[in-house]
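Next come the chains, spelled out residue by residue.
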Amino acid sequence: MRVLRTAAEVRAAVAGARARNARVGLVPTMGAFHDGHISLMRAARDAHDLVVVSLFVNPTQFGPAEDLAAYPRDEQRDARIAEQAGVDILFAPSVAEMYPHGFSTTIHVSGLTDVMDGAARPGHFDGVATVVAKLFAIVGPDAAYFGQKDAQQVLVVRRVARDLNLPVRVVGCPIVREPDGLAMSSRNVYLDAADRARATALHRALVAAEDVVARSSTSADVILDAARAELRAAGIQPEYLDLRSPDDLTEVDEVAPTALLAVAARVGAARLIDNTILETR
Ligand code: AMP
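Focus on the site of the ligand
In the vicinity of the ligand there are 18 residues, among which Met30, His37, Asp150, Val176 and Met184 approach most closely. Here Gly147 contributes a backbone N or O atom positioned 2.9 Å from an oxygen atom of the ligand. Contact with the protein chains removes 93% of the 480 Å² of surface that the ligand exposes when unbound. Every element with two or more residues in the shell around the ligand is listed here: β2 (24-29), α2 (35-47) and β5 (143-147). Its residues placed into classes, the shell around the ligand shows nine nonpolar, seven polar and two charged.

Details of the pairing of strand β8 (residues 258-267)
Within β8, eight of the ten residues are buried, which leaves the element mostly enclosed by the surrounding structure. Counting the residues between successive antiparallel strands, the hairpin from β8 to strand β9 (residues 270-279) contains two residues, one of them, Gly268, with a positive phi of roughly 55 degrees.

Some details on the packing of aromatic side chains
Following the criterion strictly, the structure yields three aromatic pairs and no others. Seen in terms of ring centroids, Tyr99 and Phe103 are 4.9 Å apart; in terms of plane orientation they differ by 90 degrees. Their pairing is edge-to-face. One aromatic cluster in this structure is built from Phe56, Tyr99 and Phe103. Positioned above the aromatic ring of Tyr99, the side-chain terminus of Lys134 is 5.9 Å from the ring centre.

Observations concerning the packing of helix α9 (residues 200-215) against helix α10 (residues 220-233)
For the pair α9 and α10, interaxial distance at closest approach is 8 Å and the crossing angle is 150 degrees. In terms of axis orientation, α9 runs roughly antiparallel to α10. In this structure, α9 meets α10 at a crossing whose hand is right-handed. Along its contact with α9, which presents Ala201, Leu202, Arg204, Ala205, Ala208, Ala209, Val212 and Val213, the element α10 presents Val222, Ile223, Ala226, Ala227, Glu230 and Leu231. The residue makeup of the contact of α9 with α10, split by class, is twelve nonpolar, no polar and two charged.

Thoughts on unusual backbone geometry
A cis amide bond links Ala256 to the next residue, Pro257, at an omega of -10 degrees. Within the secondary structure, Pro257 is located in the loop between β7 (238-244) and β8. At Asn165, a position not held by glycine, the phi torsion is positive, near 55 degrees. Within the element layout of this structure, Asn165 appears in the loop between α7 (151-163) and β6 (169-173).

Looking at the nonpolar core
Membership of the largest hydrophobic core comes to 48 residues, with the highest contact counts inside it found for Val52, Met98, Phe136, Val139 and Phe146. Those elements giving two or more residues to this core turn out to be α1 (7-19), β2, β3 (50-55), β4 (89-91), α6 (124-139), β5, α7 and β8. At ten residues, the largest contribution of residues to this core is made by α6. Counting only domains with at least three residues in this core, you end up with domain 1 (2-173) and domain 2 (186-276). Setting aside chain neighbours within four positions, we find Phe146 in contact with Pro28, Leu40, Val132, Phe136, Gln153, Val154, Val157, Val170, Val171, Gly172 and Cys173.

Comments concerning α6
Between its first and last C-alpha, α6 extends 22 Å over 16 residues, near the 22 Å set by a 1.5 Å rise per residue. Just downstream of α6, Gly140 is the residue with a positive phi angle, here 60 degrees.

Examining the layout of surface pockets
A volume near 190 Å³ is recorded for the second largest pocket. The residue inventory of the lining of the second largest pocket, partitioned by class, reads eleven nonpolar, two polar and five charged.

The rules behind these values
- Residues numbered from 1 in each chain as written.
- Predicted model: local features only at pLDDT ≥ 70, side-chain atom pairs only at ≥ 80, totals over all residues.
- Heavy atoms only, no water.
- Near = heavy atom within 4 Å.
- Polar contact = N/O pair within 3.5 Å; in protein donor to acceptor, adjacent residues only side chain to side chain.
- Areas by Shrake-Rupley, 256 points an atom, 1.4 Å probe, with all protein chains shown as cover.
- Helix = DSSP H or I, 4+ residues; strand = E, 2+ residues; numbered from the N terminus.
- Nonpolar A, V, L, I, M, F, W, Y, C, P; charged D, E, K, R; others polar.
- Buried < 20%, exposed > 50% of the residue type's maximum accessible area, 1.4 Å probe, protein only.
- Pairing = 2+ DSSP bridges.
- Phe/Tyr/Trp six-rings, centres within 6.5 Å; stacked < 30°, edge-to-face > 60°.
- Lys NZ or Arg CZ within 6 Å of the ring centre and 35° of its normal.
- Axes fitted to C-alpha atoms, helices over the stretch in contact; angles between N-to-C directions.
- Parallel < 35°, antiparallel > 145°, perpendicular 65-115°, else oblique.
- Left-handed = near helix turned anticlockwise from the far one by under 90°.
- Contact = heavy atoms within 4.5 Å.
- Core = buried A, V, L, I, M, F, W, Y, C linked by side-chain atoms within 4.5 Å.
- Domains from an automatic or database assignment.
- Expected span 1.5 Å × (residues − 1).
- 1 Å grid on protein atoms, 1.4 Å probe; cavity = no way out; pocket = protein on both sides within 12 Å on 5 of 7 lines; lining within 4 Å.
- Points joined across faces, edges and corners; volume = space filled by probe spheres on them.

Here it is, written out as structure tokens:
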């Protein structure tokens, strides 16, 4: 595995592989790797000849009061993990390499970003859309892999690719969880033992909703009540708990035949998100 720092080096490496007809897969990340990241690397490895993982804690997607400075960073550990997962290139640029003096372009996806994390974190998806578009321009991948854990992010990135005619397939991969159900996240390290135990309520809320759909009701009110009860029992007040169309994030009042149930909540020092696709069968 090569660790590269500049866009020019990545471009040259990818061009060399392309000359040998390589198919190229990209996994954008902010590092602090866990099994969720590794699952994306494996999915990319399975389908491509050259796998590029970017490791960049993107400042423009953090709000002024958010955890940019505290965000966990351990490049040496991440490099070992990526190498073991069969990654070919780890692109770990500096902030100045990605945002040189005078940088002044932002990509804004309207509509999709007005709700959920877009509403809770103003500017967040502008930062995501802009950095991902830059990564697509630098790497030129055939496909890019994202976790369904950030369901809204997958939709936003897919919209950017479509709207800007970027020839990249945006692949959403399943949420990887801890044995007790907590969705893996680099931010889980912020949880102390008591909050770590409470945090499992997010997944329980999603499972309670799945049970309602399987047994009794497809109505948003009933589903959201069941989910809210699990959160309340753990003393968790959600930032949002929404039932929405998995395609365009418009609010729905029924699972017909699918719906995205998404939750965000502050648990102790961590802001956590999770979601599931509900389906009638
Ligand atoms: P991050 O480094 O947190 O920006 O995440 C990089 C990529 O990994 C994003 O596409 C995330 O959606 C994905 N990811 C993060 N956590 C998980 C998880 N628990 N399961 C699957 N994918 C994940």
